[in-house]
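# A structural walkthrough
Each chain, written out:
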Amino acid sequence: MARTVAIGRQDFGEIIANHYFYIDKTHFIKEWWENGDSVTLITRPRRFGKTLTMSMVERFFSVKYQGGGELFSGLDIWGEKKYRALQGTYPVINLSFADVKGGDYELVHRRLCRVIYEQFDQYDFLLYVDGLMSEKEKELFHAVSKDMEDDIASMSLKMLSKLLMKHYGKKVIILLDEYDTPMQEAYVHGYWDELVSFTRDLLNSTFKTNPYLERAIMTGITRVSKESIFSDLNNLNVVTATSGQYGDSFGFTQEEVSGALYEFGLSAKEAEVKDWYDGFTFGEKRDIYNPWSILNFIKTGKLGTYWVNTSSNSLINKLVREGGRAVKLTMEDMLKGGTLRAQIDEQIVFQQLDYDEGAIWSLLLASGYLKVERYTISPETGEEEYDLKITNNEVKRMFKQMIRGWFKTPDTAYNDFVKALLADDKKAMNHYMNKVALAT
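So, here's what we can say about the structure. These figures come from a predicted structure and were not determined experimentally.

Rules behind the numbers
- Residue indices follow the written sequence of each chain, beginning from 1 at its first position.
- Local features in this predicted model are restricted to residues of pLDDT 70 or higher, and side-chain atom pairs are both shown and tallied only at a pLDDT of 80 or more, whereas totals for entire chains, interfaces and linings draw on every residue.
- The basis for every side-chain value is the complete set of non-hydrogen atoms in the structure, without hydrogens or water.
- Numbering of helices and strands starts at the N terminus; helices are DSSP runs of H or I of at least 4 residues and strands are runs of E of at least 2.
- To sort residues, take the accessible area from a 1.4 Å probe on protein chains only and compare it with the maximum for the residue type: under 20% means buried, over 50% means exposed, and anything in between is partly exposed.
- Here, two residues are considered to be in contact whenever any of their heavy atoms come within 4.5 Å of each other.
- Per-residue accessibility takes into account occlusion by the displayed protein chains alone, with areas from the Shrake-Rupley method and a 1.4 Å probe.
- In this charge count, Lys and Arg are treated as positive and Asp and Glu as negative; neither His nor the chain ends contribute.
- A charged residue contributes its charge at one atom only: NZ of Lys, CZ of Arg, CG of Asp or CD of Glu.
- Here, a strand pair is defined by DSSP locating no fewer than two bridges between the strands.
- Every angle, taken between N-to-C directions, lies between 0 and 180 degrees, and every axis is a line fitted to C-alpha atoms, over only the stretch in contact when it is a helix.
- What counts as a salt bridge is simple: a side-chain nitrogen of Lys or Arg found within 4 Å of a carboxyl oxygen of Asp or Glu.
- Roughly parallel means an angle under 35 degrees; roughly antiparallel means over 145; roughly perpendicular covers 65 to 115; every other angle is labelled oblique.
- Left-handed is the label given to a crossing in which the near helix is rotated counterclockwise from the far helix by less than a right angle, and right-handed is the label when the rotation is clockwise.
- Here the nonpolar group is Ala, Val, Leu, Ile, Met, Phe, Trp, Tyr, Cys and Pro; Asp, Glu, Lys and Arg are the charged ones; every other residue, Gly included, is treated as polar.
- Nonpolar cores are built from buried Ala, Val, Leu, Ile, Met, Phe, Trp, Tyr and Cys residues. Side-chain atoms within 4.5 Å join them into one set.
- Between the rings of Phe, Tyr and Trp (Trp by its six-membered ring), a pair exists once the centres lie within 6.5 Å; its type follows the angle of the planes, with under 30 degrees stacked, over 60 edge-to-face, and the other angles tilted.

## Side note on the overall build of the chain
- A count of helices and strands for the chain gives 19 helices and twelve strands.
- Out of the 440 residues in the chain, the part that is buried amounts to 51%.
- The contacts in the chain between residues at least 6 apart in sequence include a share of 74% that link residues at least 24 apart.
- By element, 48% of the accessible surface of the chain is carried by carbon and sulfur atoms, the whole surface being about 20900 Å².
- Taking the average location of the 54 positive side-chain charges in the chain and that of its 63 negative ones, the two points are 4 Å from each other.

This is how it looks when you write it as structure tokens:
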């Protein structure tokens, strides 16, 4: 009997405990742990299982779930005794900036502070552990709030790491999901410089100068440029769409999709599913499917634009609509099946998106709207050149719908002009053209 597909569930424990449909990705835990990197930044398109992976890692390592290994019984990671011994043995700080959005800096700043405050609220029992904190540390602990000053906020997670290490006798693991969501909001709404200054201090204190950190994972859609917020983080291992690490840890492979379709009696539609949802490439791993669309398809049995409709696509819409003539012509060619050859800089510099065509294609690649067909080394420059295409049929349909939407805004005066034209009413046509000329 096929398992239940639960759409939108991102809590690993909930999925496993309820026997919901799940494709085993616990091999990520072993690969990440054995790489030994201090801080790992993994960028993947939205809805590719980043949040579920962070939940899985927390469930595996956190002392909160000590003795909860039965949750992993039968999964890949539980087959090795060495890793069974690691379950539930580390203090873990697990944060997400996914909901840190807003039209102005003050609102986003408060929401960032709230995320941090909620971590302190979760560990407020530390205040009552005899001999753990000095009076000064207790004062700083209480100073962490939803309206705290920048200097308190930037040092807060480092302080919490210290307290957790003192209490548990082990350095902490820090997980930060969707770190770049506030960055994208800042670019769209025009408070980039203010947010970058605060974020740089917070990340440096938490991930660079934190002696109480065992190791950390950050996830996001884009790799924001080093000059913007990572200038001091020289201990960062960055894993992007073109990197070899963790290639099959996010998204579904061809084998996994075939197995899922078979389980739900949908194997006859495999070719259509491939045309619609295949196409993502991570490092050397090709034929990766976006999980969100696959889950929705096997639940409904209907092909549709599931993944692309989980977001307003406002940033992508802005970049293509406001881009120059060359951007629009290139997009038109790709919608007809064409290929774009471009040099890609995976460090996204948001300030360049308004005038640098290459930055636009880099963002579209990082976001999953374009895929790498192949890359070569230019004999003239020695630089990598990528052949890019629209990822799959689902993305192509999204772009077509987006472009149609540009022309759907009703304009009563223009419609009156068309009616006058069809009726050969020169007086009405002349009246409309005079209004346009005067307005211009």
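From this point on, the discussion continues.
## So, the sheet that holds strand β6 (residues 236–239)
- Across the sheet, five strands lie side by side as β2-β3-β4-β1-β6; this open sheet has parallel pairing. The strands lining the two open edges of the sheet, one partner per strand, are β2 (92–96) and β6. Here the average twist between neighbouring strands, direction ignored, is 10 degrees.
- Summarising the sheet, strand β1 (residues 39–43) and β6 pair through four bridges and their orientation is parallel.

## Structural notes on the pattern of salt bridges
- The final tally for this structure, using the stated rule, is 18 salt bridges.
- Here Glu 263 and Arg 3 are joined by a salt bridge, their closest N and O atoms 2.9 Å apart. You can see Glu 263 sitting in helix α11 (residues 254–263) and its partner Arg 3 sitting in the segment before α1 (12–17), a full 260 residues away along the chain.
- For Glu 263, a relative accessible area of 26% gives the class partly exposed.
- Residue Glu 256 is joined to Lys 25 by a salt bridge in which the shortest nitrogen-to-oxygen separation is 2.9 Å. One end of the pair, Glu 256, is in helix α11; the other, Lys 25, is in the loop between α1 and α2 (27–35), with 231 residues separating them in the sequence.

## Thoughts on the packing of helix α5 (residues 105–122) against helix α7 (residues 150–168)
- Running from amino to carboxyl end, α5 crosses α7 at an angle of 25 degrees, the nearest separation of the two axes being 11 Å. Considering the angle they form, α5 stands roughly parallel to α7. When you trace α5 past α7, the crossing you get is left-handed. In this structure, α5 contributes Tyr 105, His 109, Cys 113, Ile 116, Gln 119 and Phe 120 to the contact, and α7 contributes Asp 150, Ala 153, Ser 156, Leu 157, Met 159 and Leu 160.
- Residue composition of the contact of α5 with α7, by class: eight nonpolar, three polar and one charged.

## A word on the nonpolar core
- Ranked by size, the top nonpolar core spans 106 residues in total, and within it Phe 207, Met 218, Trp 361 and Phe 399 carry the most contacts.
- Excluding residues within four positions of it along the chain, Phe 207 makes contact with Val 39, Ile 174, Leu 176, Leu 213, Ala 216, Met 218, Leu 233 and Asn 235.
- The next biggest cluster of nonpolar side chains, apart from the first, holds 31 residues, and it includes Ile 16, Tyr 22, Phe 28 and Phe 250.

## Looking at the packing of aromatic side chains
- Tallying each qualifying case throughout the model produces 25 aromatic pairs.
- A centroid spacing of 5.0 Å and a plane angle of 55 degrees characterise the contact between Phe 28 and Tyr 246, whose relative ring orientation is tilted. Separated by 218 residues along the polypeptide, Phe 28 in helix α2 and Tyr 246 in the loop between β6 and α11 bring together distant segments of the chain. An identical accessibility class is assigned to Phe 28 and Tyr 246; each is buried.
- Where Phe 280 meets Trp 307, the ring centres are 5.6 Å apart and the plane angle is 85 degrees; that geometry is what we call edge-to-face. Of this pair, Phe 280 sits in strand β7 (residues 280–282) while Trp 307 sits in the loop between α13 (291–300) and α14 (314–322), and the two are 27 residues apart along the sequence.
- By relative accessible area, which is 3% here, Phe 280 ends up buried.

## Considering the packing of α7 against helix α9 (residues 192–208)
- Interhelical geometry of α7 versus α9 gives an angle of 30 degrees and a closest axis separation of 7 Å. Between α7 and α9, the angle falls in the class roughly parallel. You can see that α7 and α9 cross each other, and the crossing is right-handed. Taking contact as the criterion, the partners of Asp 150, Ala 153, Ser 154, Met 155, Leu 157 and Lys 158 in α7 are, on α9, Phe 198, Asp 201, Leu 202, Ser 205 and Thr 206.
- Partitioned by chemical class, the residues of the contact of α7 with α9 number five nonpolar, three polar and three charged.

## So, the pairing of strand β3 (residues 172–177)
- Burial runs high along β3: six of the six residues are buried.
- Burial along β3 is two-sided: the face carrying Val 172, Ile 174 and Leu 176 and the face carrying Ile 173, Leu 175 and Asp 177 are both buried.
- Relative to β3, β2 is paired through five bridges, and the arrangement is parallel. Across the sheet, Ser 96 pairs through a bridge with Asp 177, a residue of β3.

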